[in-house]
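# Examining the three-dimensional arrangement
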Amino acid sequence: MSPSRPLHNIGRSFSIVPNGLFPWDRGVGRGAATGDIDGDGDEDIVQLNNKQLLHVYRNDTVTINNRVTLDLQGTLSNRDGIGSYVKVRSKQFTQALDYLRGGSYGSCNASPIILGLGTDPRVDELTVAWPSGVTSRRLALDANQRHLIAEPTVTIDALGKVQGVGPFVEVPVTVHNHATTPEGVSFTAGLSLGDNRVTGPAYYTPVVIPAGGVMTI
């Protein structure tokens, strides 16, 4: 049987980490999983080898780089959003992944997604294509924070032309309800000016869109 080996991601391939460089137990592997056990924003490792005690490797790496943690919450899809396609765009990088939670043999990684951002101070745009076919889009997510991304049951299909109504501005919004039961609708207004985004207050409209319905409000 082959010994358990840690691998180093070098871009398009992996290399085996040499003996002594990392205090890895090289017994016959029966599982390894990653997750932020101590809540410091980086991933730790839990390892189990055949007929041996469980090993926990805590990641205490000191870095000036930024990261972001994402928690997916399915509504129409499965609870954890497994099977989603996640794409994150920041100033220097565009990252994409299939969220599967699988890992080593007989193992399942922790549910939060932790992505490195280098020196980028935020995620400029996040898109999540859920297994249901619905897509989430979020802008300007701060780095070094944990963000909950809930699968929308109501999505915006189209925005109408801006209209002046007295001292206010009105924008007709066409929304589509994907849920199996009628739901109300809430909105958060925002304004993007170059790299800057100003988020306004949240609005709730009592309009209830029937299941599978489309409505302009």
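Check the entry above for the structure.
Here the structure is a predicted model, which is why all the values come from computation and not from measurement.

Turning our attention to the overall build of the chain. A count of helical and extended segments in the chain gives zero helices and 19 strands. The C-alpha radius of gyration computed for the chain amounts to 22 Å, which surpasses the reference 17 Å derived for 217 residues by more than 25%, pointing to a less compact arrangement than a globule. With the C-alpha coordinates of the chain rotated into their principal frame, the extents come out at 70 × 40 × 30 Å. Counting only residues that meet the buried cut, the chain has 30% of its 217 residues in that class. Just so you have it, the chain exposes about 13,600 Å², and 55% of that area is on carbon and sulfur atoms.

In space, the four strands of this open sheet follow the order β8-β7-β10-β11, with antiparallel pairing throughout. In the strand order of this sheet, the two ends are held by β8 (94-98) and β11 (135-142), each with one partner. Going across the sheet, the axis of each strand differs from the next one's by a mean of 15 degrees, ignoring polarity. Across five bridges, strand β7 (residues 85-89) lies against strand β10 (residues 122-129) in antiparallel orientation. Bridging across to β10, Val88 finds its partner in Leu126.

Turning next to the nonpolar core. With 16 residues, the main nonpolar core has Leu70, Leu72, Val86, Leu126 and Ile149 as its most contacted residues. Residues in contact with Leu70, not counting those within four places in the same chain, are Val86, Val88, Ser111, Pro112, Ile113, Leu115, Leu126, Leu141, His147 and Ile149. Core analysis: the next-biggest nonpolar cluster, separate from the first, contains five residues, Val154, Val175, Val185 and Ile209 among them.

This next bit is on the packing of aromatic side chains. Taken as a whole, this structure holds one aromatic pair when the rule is applied. A ring pair is formed by Trp24 and Tyr57, whose centres lie 5.1 Å apart and whose planes are at 25 degrees; its orientation type is stacked. Taken as a pair, Trp24 in the loop between β2 (14-16) and β3 (29-35) and Tyr57 in strand β5 (residues 55-57) lie far apart in primary sequence, 33 residues in all.

On to the pattern of salt bridges. With the rule as written, the count across this model stands at eight salt bridges. A salt bridge links Arg58 to Asp60; its shortest N-O distance comes to 2.9 Å. Judged by relative accessible area, Arg58 falls into the exposed class, the value being 58%. In this structure, Asp80 engages Arg79 in a salt bridge whose closest nitrogen and oxygen atoms are separated by 3.3 Å. Here Asp80 falls in the buried class, since its relative accessible area comes to 15%. The network of salt bridges with shared partners includes Asp38, Arg58 and Asp60.

Reading the values: the criteria
- Residues numbered from 1 in each chain as written.
- Predicted model: local features only at pLDDT ≥ 70, side-chain atom pairs only at ≥ 80, totals over all residues.
- Heavy atoms only, no water.
- Helix = DSSP H or I, 4+ residues; strand = E, 2+ residues; numbered from the N terminus.
- Rg over C-alpha atoms; globule rule 2.2 N^0.38 Å.
- Buried < 20%, exposed > 50% of the residue type's maximum accessible area, 1.4 Å probe, protein only.
- Areas by Shrake-Rupley, 256 points an atom, 1.4 Å probe, with all protein chains shown as cover.
- Pairing = 2+ DSSP bridges.
- Axes fitted to C-alpha atoms, helices over the stretch in contact; angles between N-to-C directions.
- Core = buried A, V, L, I, M, F, W, Y, C linked by side-chain atoms within 4.5 Å.
- Contact = heavy atoms within 4.5 Å.
- Phe/Tyr/Trp six-rings, centres within 6.5 Å; stacked < 30°, edge-to-face > 60°.
- Salt bridge = Lys/Arg side-chain N within 4 Å of Asp/Glu carboxyl O.

Nothing here speaks to function; it is geometry throughout.
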